[in-house]
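Structural features, examined
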Amino acid sequence: MKVRVRLAPSPTGTLHLGTARTALFNWLFAKKEGGTFLLRIEDTDIERSREEYINDIYDGLQWLGINWDESPTIQSERVNEHKQIIKTLVDKGFAYKCYASEAELDEMRETQKRNGLAPKYDNRHRNLTPEQESEFIKSGRDPVIRFKISDEKLISWNDLIRGKMTWSGKDLGGDMVIARRAPANSIGDPLYNLVVVADDSAMKISHVIRGEDHLANTAKQILLYEALDLNIPVFAHTPLILNSEGKKLSKRDGVTSISEFKKMGYTSEAMANYMTLLGWSVPEGINERFNISEVSEIFSFKKVNKASAKFDWDKLNWLNSQVIHEMSAETLLENLEPLFKENGWHLPSHEWGINLVGLIGPSMVLINDGVDQAKPFFEEQELSEDGKKQLEIKEAAVILKFILEKLEDTDAASFSKEKALDLINQATKSCEVKKGLVMKSLRAALFGTLNGPDLIQSWVLLSRFSKDRARISRLI
RNA sequence: UGGGAGGUCGUCUAACGGUAGGACGGCGGACUCUGGAUCCGCUGGUGGAGGUUCGAGUCCUCCCCUCCCAGCCA
C-alpha cells in the first residue's frame with residue numbers, strides 16, 4: 001500500500017505545538033515509508049477561520065523543516081462535493097432531517113444530566129412521518145441533517161499505537177449532525193466528521209495519524225466510511241502534549257505557538273527534536289539530540305508511547321543550548337547580526353564578530369540570549385551591586401590605575417590574549433594581591449558585573465574599540 | 001454521570017517474566033575570576049492491595065488516580 005498521510009489543521013489560530021507534533025509524526029512516517037505527506041486546511045468554520053492563520057501554519061511548518069507534497073487542499077473549496085455526499089446519505093436512508101430546536105436539545109441534555117445520565121441525542125426525529133415533517137416546515141422550523149448511529153453497532157479497528165480498539169454505537173452520543181441547520185429543501189454547511197471522511201477518501205489517505213483526543217471521532221468516521229462504501233484507512237492515535245498540570249495544552253498555558261517559540265529564540269532544530277522526543281523514544285545507542293532527517297530513517301510507531309507527556313521547558317532549553325553549541329561561529333553570527341543591527345550595534349570587523357559569538361556562544365540557551373550577552377561589548381553598562389562592591393575594595397583602585405598606565409603604553413591594535421594575561425600577572429605582582437582580585441576588579445570595571453564569559457578574551461575584544469581604557473578611567 | 005485512553009525518579013523515557021538503566025532538572029565537586037560553558041560525582045521511581053511464579057514494572061483480580069470525548073466547533 002502506498003503511504004499517503006496528511007496534516008489537517010484548522011486555521012482558527014496560529015500553528016500550535018500539538019498540531020506541529022502531529023505534523024512531525026505524519027512527516028516522519030511518510031519519509032520512513034517513502035510515502036507522501038499532504039496538507040489540508042480545514043476552514044469549514046467560516047466564522048473562526050482566518051487567512052493570516054493559514055500563513056502562520058505554512059510558515060511554521062516550513063521553519064520546522066516539515067515540507068509537504070502537492071499543493072494544499074482547501075476544504076472550503078470542496079463544499080459542493082461534501083453536500084453531494086450528504087445528499088447520497090439522505091437518499092440511501094443513512095441520514096435524515098432533524099427539526100429539533102437547539103433550545104429543545106439543550107433542555108433535553110439538562111434533564112439527562114440532572115438524572116445522572118450522560119448527555120446524548122435521543123434520536124427523537126429519526127422516524128418522522130412525512131406529515132410530521134411538513135408540520136415542522138409549515139411552522140418555520142429548519143432542520144439539521146443527522147447520520148444514523150445504531151445503538152447495537154460495534155465498531156473496531158486496529159490502532160497502530162493502541163492496538164485493538166472497540167466502541168459501541170450507543171456510546172457515540174446518538175445520531176450525529178453532519179450538516180448545519182438550513183431550509184428543508186437545501187443542505188446546510190457540512191460538518192467536521194463528514195468532511196474529514198470525504199476528504200481523506202478523496203485524497204486517498206492511507207494512514208490517519210492524529211492526537212488521541214480524536215478517538216471517539218474515529219469510531220464515528222468509520223461508520224461513515226462503511227455507509228459510503230469507502231476504503232477505511234489505518235489509524236494511529238498519538239499521545240498528546242500536556243501542560244505542567246497534566247491538562248491538554250491550551251492557549252491559556254502561555255507560549256504554545258510555534259511562531260512564539262521562534263520569536264523567543266528557540267531554533268527549529270531544537271523544537272523539532274524536542275517535539276519528537278515527547279512521545280517517541282530513541283532506539284538504544286542513539287543520542288537524544290538528533291535531527292529529524294536522521295529519525296526519518298528509523299521512525300516507527302512501535303517506539304511511540306501510549307501515555308501523554310508533560311511539556312518541560314528545562315529539557316527544551318537544554319536541547320536548544322546544544323543546538324547553539326553545535327553551530328559554527330559563522331552560522332551563529334548570521335543568526336545574531338540582524339538582532340545586533342536592530343539595537344544599532346555595528347561590528348568593527350567580521351573577524352571581531354566571529355570572535356565575539358565564539359566567546360558568548362557556549363553560554364547561550366536561546367538565540368536571543370546573544371543580544372543580552374553581547375550588549376556589554378557595545379554599550380557601557382551601569383555598575384551592578386556586586387560590581388560596585390568589588391570596586392570599593394581599596395586595592396581595586398590601585399590595580400586599575402596600574403593597568404591603565406600600562407595600557408597607555410600599549411598599542412591597542414596589537415593587544416592580545418598574551419599581553420592581557422601578562423598585564424594581569426604584572427598587576428598581581430606589583431600590587432601584591434591575589435590574581436583573583438585583579439581579575440574580578442578588572443571585570444567589574446570593564447563590564448560592570450562580576451560574571452560573564454572568559455575575561456581575557458572579553459578584554460581583548462573590548463580593546464579593539466579602545467573602550468577598555470575609557471571604561472577603566474571613568475572609575476579612577 | 002457514560003464511554004474511551006492512560007499510570008516507571010520532579011519531568012521525558014528504557015527494561016525476552018530474570019541486577020529498575022539513561023537523559024533533563026536538582027544538589028555537590030573540579031576548572032587557582034565569574035559560570036548559564038565543560039568535566040566528574042550524588043540524588044531520586046514501578047499508584048495501592050491481593051494472587052500466579054523459583055522470580056512480577058511486566059501476567060491475573062479488585063481498587064485508586066489522571067487525562068480525553070460526550071458541540072448545529074475542529
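Residues numbered from 1 in each chain as written. Chains lettered and ligands numbered in written order. Predicted model: local features only at pLDDT ≥ 70, side-chain atom pairs only at ≥ 80, totals over all residues. Heavy atoms only, no water.

This part is about the overall build of chain A. Each helix and strand in chain A was counted, giving 20 helices and 12 strands. Relative to its length of 476 residues, chain A is extended, with a C-alpha radius of gyration of 32 Å against a globular reference of 23 Å. Across its three principal directions, the C-alpha atoms of chain A cover 110 × 45 × 40 Å. Across the 476 residues in chain A, those meeting the buried criterion constitute 48%. When contacts within chain A are restricted to residue pairs at least 6 apart in sequence, long-range pairs at least 24 apart make up 76% of them. For chain A, the accessible area works out to roughly 23,400 Å², and carbon and sulfur atoms hold 48% of it. (Helix = DSSP H or I, 4+ residues; strand = E, 2+ residues; numbered from the N terminus. Rg over C-alpha atoms; globule rule 2.2 N^0.38 Å. Buried < 20%, exposed > 50% of the residue type's maximum accessible area, 1.4 Å probe, protein only. Contact = heavy atoms within 4.5 Å. Areas by Shrake-Rupley, 256 points an atom, 1.4 Å probe, with all protein chains shown as cover.)

When the domains of chain A are assigned, the result is domain 1 (1–70 + 239–326), domain 2 (80–192), domain 3 (327–378) and domain 4 (385–474). On a C-alpha basis, the centres of domain 1 and domain 2 stand 34 Å from each other. The partner domain 2 presents six residues to the eight residues of domain 1 that form the contact. Across the domain 1 to domain 2 interface the summed buried area is about 660 Å²; carbon plus sulfur atoms make up 57%. Summed over the three residues of domain 1 that lose the most area to domain 2, namely Thr44, Phe301 and Lys306, the buried surface amounts to 61% of that side. The interface formed by domain 1 and domain 2 holds zero salt bridges in total. (Domains from an automatic or database assignment. Buried area = accessible area lost by both parts, 1.4 Å probe. Salt bridge = Lys/Arg side-chain N within 4 Å of Asp/Glu carboxyl O.)

Take the pairing of strand S1 (residues 4–7) next. Of the two faces of S1, the one lined by Arg4 and Arg6 and the one lined by Val5 and Leu7 are each fully buried. Taken together, the four bridges between S1 and strand S2 (residues 36–41) define a ladder with parallel strand orientation. Paired with Val5 across the strands is Phe37, a residue of S2. Of the crossover connections in this fold, the one passing from S1 over helix H1 (residues 17–32) to the parallel S2 is right-handed. (Pairing = 2+ DSSP bridges. Right-handed = clockwise from strand over helix to strand, strands pointing away.)

Strand order in this open sheet of three strands is S4-S5-S8, and the pairing throughout is antiparallel. Looking at strand neighbours, the two that pair on one side only are strand S4 (95–98) and strand S8 (176–179), the edges of this open sheet. Strand-to-strand twist across the sheet, computed as the mean angle between neighbouring axes with direction ignored, equals 45 degrees. Examined bridge by bridge, strand S5 (residues 144–147) and S8 share three bridges and lie antiparallel to one another. Bridged to Ile145 within S8 is Ala179. (Axes fitted to C-alpha atoms, helices over the stretch in contact; angles between N-to-C directions.)

The nonpolar side chains of a soluble globular protein tend to be buried with one another. In this structure, Ile403 and Trp459 are the most contacted members of the largest nonpolar core, which totals 101 residues. Of the residues forming this core, the biggest block, nine residues, is contributed by H1. In contact with Trp459, other than residues within four places in its own chain, are Ile403, Leu407, Phe415, Ala420, Leu423, Ile424, Leu442, Leu446 and Asp468. Listed in part, the 28 residues of the second largest apolar core include Phe147, Ile149, Val208 and Phe235. (Core = buried A, V, L, I, M, F, W, Y, C linked by side-chain atoms within 4.5 Å.)

Moving on, we come to the sheet that holds S1. Strands in a sheet are paired, the pairing made by backbone hydrogen bonds, and the direction either parallel or antiparallel. Strand order across the open sheet formed by three strands is S1-S2-S3, with parallel pairing between neighbours. Each edge of the sheet is formed by a strand with only one pairing partner; in this case those strands are S1 and strand S3 (73–74). Of the pairings in the sheet, the one linking S2 to S3 comprises two bridges and is parallel in character. Within the sheet, the bridge partner assigned to Arg40 lies in S3 and is Thr73. The strands that H1 touches are S1 and S2; relative to S1, the one it contacts most, it runs at about 165 degrees.

What follows concerns unusual backbone geometry. For Lys204, which is not glycine, the phi dihedral falls at a positive 55 degrees. What makes Lys204 exposed here is its relative accessible area of 61%.

Further remarks concern the pattern of salt bridges. Any two side chains of opposite charge can pair, on the condition that their charged atoms come close. Summed over all chains, the structure comprises 25 salt bridges. In this structure, Arg78 engages Asp199 in a salt bridge whose closest nitrogen and oxygen atoms are separated by 2.7 Å. With Arg78 in the loop between S3 and helix H3 (79–91) and Asp199 in helix H6 (residues 192–202), the pair connects residues that are 121 residues apart, well separated along the chain. According to the relative accessible area criterion, Asp199 is buried, its value standing at 0%. The closest approach of N and O atoms between Arg180 and Asp189, which form a salt bridge, is 3.4 Å. For Arg180, a relative accessible area of 33% corresponds to the partly exposed category. Relative accessible area serves as the criterion here: at 31%, Asp189 is assigned to the partly exposed category.

Taken together, 59 residues sit near RNA strand B, with Asp45, Gly116, Arg180, Arg181 and Gly452 positioned nearest. Counting only the atoms of RNA strand B that lie within 4 Å of the protein, the sugar and phosphate share comes to 75%. The contact in question runs from a sugar or linking oxygen of RNA strand B to an N or O atom on the side chain of Lys315, over 3.2 Å. Here a base oxygen of RNA strand B and a side-chain polar atom of Arg443 are 2.8 Å apart. Mapped by element, the contributors of at least two residues to the surface near RNA strand B are helix H4 (102–114), strand S7 (163–168), helix H7 (215–228), strand S12 (309–310), helix H11 (313–326), helix H14 (369–378) and helix H18 (435–447). With five residues, the single largest contributor to the surface near RNA strand B is H11. (Near = heavy atom within 4 Å. Polar contact = N/O pair within 3.5 Å; in protein donor to acceptor, adjacent residues only side chain to side chain.)

This part is about the packing of helix H9 (residues 268–277) against H11. At their nearest, the axes of H9 and H11 sit 9 Å apart, and the two run at 140 degrees to each other. Relative to H11, the element H9 is oriented oblique. Helix-helix and strand crossings are classified by hand; for H9 and H11 the assignment is right-handed. When H9 is examined against H11, the residues Glu269, Ala270, Met271, Asn273, Tyr274 and Leu277 are found in contact with a partner set consisting of Lys315, Leu316, Leu319, Asn320 and Val323. A class-by-class count of the residues in the contact of H9 with H11 yields seven nonpolar, two polar and two charged. (Parallel < 35°, antiparallel > 145°, perpendicular 65-115°, else oblique. Left-handed = near helix turned anticlockwise from the far one by under 90°. Nonpolar A, V, L, I, M, F, W, Y, C, P; charged D, E, K, R; others polar.)

Before going further, it helps to spend a moment on the UniProt feature "short sequence motif: 'HIGH' region" in chain A. Sites flagged by UniProt as "short sequence motif: 'HIGH' region" map to residues 9–19. End-to-end, the C-alpha atoms of residues 9–19 are 7 Å apart, and along that stretch the chain is 27% helix and 0% strand. (UniProt positions renumbered as here; feature names shortened; annotations may be inferred.)

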